[in-house]
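Letter by letter, the chains look like this.
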Amino acid sequence: MTHAPLSDWDGEEELEPRRVWTPADRWRLVTWVLIFANVLGLLLLAPVGDGTLQRTADASGSDPEQARLVFWVTVVAATLVSGGLGAAAAATKQRWAIVMPLLGTAASWVGFAIATSMV
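Residues numbered from 1 in each chain as written. Predicted model: local features only at pLDDT ≥ 70, side-chain atom pairs only at ≥ 80, totals over all residues. Heavy atoms only, no water.

S.K.: Sorry if this is basic, but what is going on with the nonpolar core here?
M.R.: Nonpolar side chains tend to gather and get buried jointly when the protein is soluble and globular. Counting 7 residues, the largest nonpolar core consists of Leu42, Ala46, Leu53, Ala67, Phe71, Val75 and Ala115. Mapped onto this core, the elements with two or more residues apiece are α2 (46-60) and α3 (65-91). Looking at this core element by element, the count peaks at 3 residues for α3. Once residues lying within four places of it in the same chain are set aside, the contact partners of valine 75 are Leu42, Ala46 and Ser108. (Core = buried A, V, L, I, M, F, W, Y, C linked by side-chain atoms within 4.5 Å. Buried < 20%, exposed > 50% of the residue type's maximum accessible area, 1.4 Å probe, protein only. Helix = DSSP H or I, 4+ residues; strand = E, 2+ residues; numbered from the N terminus. Contact = heavy atoms within 4.5 Å.)

S.K.: Explain the packing of α2 against α3 here, please?
M.R.: Geometry of a packed helix pair, given as the angle between the helix axes and the separation of the axes. Put simply, α2 and α3 touch, their axes get as near as 10 Å, and they point 165° apart. In terms of their interaxial angle, α2 and α3 are classed as roughly antiparallel. In the packing of α2 onto α3, the handedness of the crossing is right-handed. Facing Ala46, Pro47, Gly49, Asp50, Leu53 and Gln54 of α2, the residues of α3 in contact are Ala67, Arg68, Phe71, Trp72 and Val75. Along the lines of polarity and charge, the residues of the contact of α2 with α3 split into 7 nonpolar, 2 polar and 2 charged. (Axes fitted to C-alpha atoms, helices over the stretch in contact; angles between N-to-C directions. Parallel < 35°, antiparallel > 145°, perpendicular 65-115°, else oblique. Left-handed = near helix turned anticlockwise from the far one by under 90°. Nonpolar A, V, L, I, M, F, W, Y, C, P; charged D, E, K, R; others polar.)

The following block contains the structure:
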């Protein structure tokens, strides 16, 4: 019994075509990376900022609750809103999608600066 060749593939053609990355694809990828970095920053760095506010308030003898509230509301709102809008813009292939996570990062730092000035 002879076996027929399994395929006519000669080994020179690609099994899967290579993806061509356009500049728009690269910007969308950077947008998604920034969105996930903002969420990761919220999870990892926001508690550090909260601890900094607490220590600053302890050192100055003031009440940190208002400053902590402003800090957390600003950071969470900025991250969620900018991440949601940035993800929606990236999914619909909008050119301005990268602006949203950058604005979210800036808003988080502004919130921290405002909260720090309150202590």
